[in-house]
Amino acid sequence: QVLSRPRPFLEEHAAPFSAFLTDSFGRRHSYLRISLTERCNLRCQYCMPEEGVPLTPKADLLTTEEILTLARLFVKEGVDKIRLTGGEPLIRPDVVDIVAQLRQLEGLRTIGITTNGINLARLLPQLQKAGLSAINISLDTLVPAKFEFIVRRKGFHKVMEGIHKAIELGYSPVKVNCVVMRGLNEDELLDFVALTEGLPLDVRFIEYMPFDGNKWNFKKMVSYKEMLDTLRQQWPELEKLPEEESSTAKAFKIPGFRGQVSFITSMSEHFCGTCNRLRITADGNLKVCLFGNSEVSLRDHLRAGASEEELLRVIGAAVGRKKRQHAGMFNISQMKNRPMILIELFLMRQDSPPALPSTFRNSLRVQVLRHRVSFSSQMVTLWKGGGVPQAPLVAQRWLGSSLSQRHFSSHLDSDANPKCLSPTEPRAPAASSGPLPDSDQLTHVDTEGRMAMVDVGRKPDTERVAVASAVVLLGPVAFKLIQENQLKKGDALAVAQLAGIQAAKLTSQLIPLCHHVALSHVQVQLELDRTRHAAVIQASCRARGPTGVEMEALTSAAVAALALYDMCKAVSRDIVLAEIKLVSKTGGQRGDFHRT
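The protein chain carries the name Molybdenum cofactor biosynthesis protein 1 in an unreviewed UniProt entry, which gives Bos mutus as its organism. Per UniProt, the protein chain carries the Cofactor (unreviewed entry) text "[4Fe-4S] cluster". The UniProt entry for the protein chain carries the following text under Function (unreviewed entry): "Isoform MOCS1A and isoform MOCS1B probably form a complex that catalyzes the conversion of 5'-GTP to cyclic pyranopterin monophosphate (cPMP). MOCS1A catalyzes the cyclization of GTP to (8S)-3',8-cyclo-7,8-dihydroguanosine 5'-triphosphate and MOCS1B catalyzes the subsequent conversion of (8S)-3',8-cyclo-7,8-dihydroguanosine 5'-triphosphate to cPMP."

The structure is reproduced here in structure tokens:
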């Protein structure tokens, strides 16, 4: 008889929500996020350095029993949804058992997980059987080559396999979290949306958020309104869906599409007024606001033998101090807070999001714009069959040749800089591993002293490689701005790299008596030398032909240095271009040369 009563009657006569989980503004916190680990099996460039971040000692992390004790307490007080996060929660060995134990908690309606998807396909059948009811998968690009560049690991196909497995097992919708960052992936918005045509996906575009150490820059954030405008230009019929209570997402759907898209507008249009979330970090601290820097250790109280009532008083006091709203994007960027990886996996954490080199970004954009419909159709077809798309050929070539060695983050280890030569060191003599010319005459001057172009028509084709270098002494101000990628003009290192590549290809148009050379490879690397406040440039050129590529390498290094000067000249005029020199050359009749 009770079950047949109208819902308003049930709400009116329901037991009062826990006062301990209700803040001073009346917000009821029924959603708890628990970080199971600080560890992750990816090394995203905008998340953390390749070697990882300092981790909390294992003894200071919550044990499985402590996690379940806290979960039990929160559920008893009214929490009906728990999401497991990280780091990467699926690398915790007992994650399936934790889900199974949570499932036994009376009153808990939803158990979710946020994952990078690498281990998902393997574990999902067990997790579903244990009681997992919701999945969020983080994915910032649909281009395999760009994925590997961003995360410094292979795994794109595993993530796609995990998404396919979730759909196959009946999860609907499967939520795909995409953090949108200018210069990195904003050109893929339409491709992500196109996937929702035939798949039960909720693609969630997340505004890039500031966290401790991530050098957040307003210019790198793509706002909700800008993203929405982009989508409406392609799909004017895009319609807004009703917002669920306490939802963080603004949901939209294209009529006829199976899935939907959402926007999480934490920065441009916050949703603090309806926030119902609390977070427990892997080391047991309670955070009442993702962007707040205040925390209270539940672990310490647990281990000190606190009773349930004492824990509730601690929790209630923390919730009661929760502010009406966060401090706003510009103030947040100045606040001290944990890097995101030490709070939970959300794919934006410790380092600045790298701007892709223009050559890479533009070539991918050309591919996407030229094949927008066919690319999206291919993606849906492959996903339905459990397959994944291949990287565009241009991206494969670009990445395979040089991108993996590009230093975008401008971070160096304390003992780094093995390639930087100190100006105070004595000059090393040039060493040659082959015969030197036995003539001291200039090759571009004829017998009467007039300029002349060398005739290379009868020379044999050989493999030619040359490496040149240059140093740009920036000074401390410009160096710091480049290191933190805060120049108003943009990413100086990426621009200089592109300029060096372009210069190598145009050498014969710049240097009058140089032959045109069909280069098979150009590589430009830039590294920052903290001790000298300098950028060290190394350019390498390769070709097969009758003449060398020394001038191409030297021109590349010199123009890259000039481009770096141009990017920084508004900050400082006291920039010095120095040490432009040939480092080595191989191939040709005159033998090899190596500067030692």
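Now that the structure has been shown, the text picks up again.
1. Quick look at the packing of aromatic side chains
Within the structure shown, the criterion is met by six aromatic pairs. Between Phe-192 and Phe-205, the aromatic rings sit 6.2 Å apart at their centres with planes inclined by 90 degrees, giving edge-to-face as the arrangement. Here Phe-205 lies in strand β6 (residues 201–207) and Phe-192 lies in helix α7 (residues 189–194), a separation of 13 residues in the sequence. Summarising the burial analysis for this pair, Phe-192 and Phe-205 share the class buried. Chaining the aromatic ring pairs together yields one cluster made of Phe-192, Phe-205, Tyr-224, Phe-252 and Phe-263. The ring of Tyr-31 has Lys-81 lying over it, and the distance from NZ or CZ to the ring centre is 4.5 Å. Across from the ring centre of Tyr-224, 5.5 Å away, lies the NZ or CZ of Lys-250, which sits over that ring.

2. Thoughts on the confidence of the model for the protein chain
Per-residue pLDDT for the protein chain has a mean of 78; in total, 71% of the residues score no lower than 70. Here residues 357–376 scores under 50 on pLDDT; set against residues more than four positions off or in separate chains, the count is 37 contacts. Ignoring residues within four places in sequence, the model shows residues 387–438, a span with pLDDT below 50, making 109 contacts including any to other chains.

3. Comments concerning the sheet that holds strand β7 (residues 239–240)
What the twelve strands build is an open sheet, ordered β7-β8-β9-β6-β5-β4-β3-β2-β1-β10-β11-β12; its pairing is mixed. With one partner strand each, in any of the chains shown, β7 and β12 (296–297) form the two edges of the open sheet. In terms of strand pairing, strand β1 (residues 31–35) meets strand β2 (residues 81–85) through five bridges, oriented parallel. By the bridge assignment for β2, Ile-34 is matched with Leu-84.

4. Looking at the side chain of Glu-77
Along the polypeptide, Glu-77 turns up in the loop between α2 (64–76) and β2. The buried charged residue Glu-77 lacks any salt bridge partner; its closest oppositely charged side chain belongs to Lys-76, at an N-O distance of 5.8 Å. For Glu-77, the side chain forms a polar contact with the side chain of Ser-18, separated by 2.6 Å. Those residues in contact with Glu-77 that sit more than four places away from it in its chain are Phe-17, Ser-18, Phe-20, Leu-21 and Leu-312.

5. A look at the nonpolar core
Counting 97 residues, the largest nonpolar core has Phe-74, Ile-82, Leu-102, Leu-139 and Phe-205 as the members making the most contacts within it. No other element matches the seven residues that α2 contributes to this core. Counting residues in hydrophobic clusters, the runner-up holds 37 residues, among them Ala-470, Ala-492, Ala-535 and Cys-541.

6. Topic: the environment of Cys-272
When you line up the elements, Cys-272 lands in the loop between β9 (260–264) and β10 (277–280). Each C-alpha atom, one on Cys-272 and one on Arg-324, is 6.9 Å from the other, the two residues being 52 residues apart in sequence.

7. A look at the environment of Ala-494
Position of Ala-494 relative to the elements: it lies in helix α16 (residues 492–505). The buried category is assigned to Ala-494, whose relative accessible area is 5%. Distance in space between the C-alpha atoms of Ala-494 and Leu-564 is 9.4 Å, their sequence separation being 70 residues.

8. A short note on the environment of Arg-299
By the element assignment, Arg-299 lies in helix α9 (residues 298–303). A relative accessible area of 13% means that Arg-299 is categorised as buried. Beyond its immediate stretch of four places on either side in the chain, Arg-299 contacts Asp-60, Leu-62, Asp-283 and Gly-284. There is a polar contact of 2.7 Å between the side chain of Arg-299 and the backbone oxygen of Asp-60.

9. Re the packing of α2 against helix α10 (residues 308–320)
Interaxial distance between α2 and α10 falls to 11 Å at its minimum, and their mutual angle equals 75 degrees. The angle between α2 and α10 places the two elements in the roughly perpendicular class. Together, Leu-73, Phe-74 and Lys-76 of α2 and Glu-308, Leu-311, Leu-312 and Ile-315 of α10 make up the contact between the two elements. Taken together, the residues that form the contact of α2 with α10 break down as five nonpolar, no polar and two charged.

10. With respect to the side chain of Thr-141
With respect to the helices and strands, Thr-141 occurs in the loop between β4 (134–138) and α5 (144–151). With relative accessibility at 1%, the residue Thr-141 sits in the buried group. For Thr-141, the side chain forms a polar contact with the main-chain nitrogen of Val-143, separated by 3.1 Å. At 2.6 Å, the side chain of Thr-141 and the side chain of Glu-188 are in polar contact.

11. Section: the pattern of salt bridges
According to the stated counting rule, one finds 20 salt bridges in the structure shown. In this structure, Arg-532 engages Asp-529 in a salt bridge whose closest nitrogen and oxygen atoms are separated by 2.9 Å. For the pair formed by Arg-532 and Asp-529, the shared burial category is buried. Through salt bridges with shared partners, one network takes in Asp-529, Arg-532, Glu-579 and Lys-581.

The rules behind the values
- Residues numbered from 1 in each chain as written.
- Predicted model: local features only at pLDDT ≥ 70, side-chain atom pairs only at ≥ 80, totals over all residues.
- Heavy atoms only, no water.
- UniProt positions renumbered as here; feature names shortened; annotations may be inferred.
- Phe/Tyr/Trp six-rings, centres within 6.5 Å; stacked < 30°, edge-to-face > 60°.
- Helix = DSSP H or I, 4+ residues; strand = E, 2+ residues; numbered from the N terminus.
- Buried < 20%, exposed > 50% of the residue type's maximum accessible area, 1.4 Å probe, protein only.
- Lys NZ or Arg CZ within 6 Å of the ring centre and 35° of its normal.
- pLDDT = per-residue confidence, 0-100.
- Contact = heavy atoms within 4.5 Å.
- Pairing = 2+ DSSP bridges.
- Lys, Arg positive; Asp, Glu negative; His and termini not counted.
- Salt bridge = Lys/Arg side-chain N within 4 Å of Asp/Glu carboxyl O.
- Polar contact = N/O pair within 3.5 Å; in protein donor to acceptor, adjacent residues only side chain to side chain.
- Core = buried A, V, L, I, M, F, W, Y, C linked by side-chain atoms within 4.5 Å.
- Axes fitted to C-alpha atoms, helices over the stretch in contact; angles between N-to-C directions.
- Parallel < 35°, antiparallel > 145°, perpendicular 65-115°, else oblique.
- Nonpolar A, V, L, I, M, F, W, Y, C, P; charged D, E, K, R; others polar.

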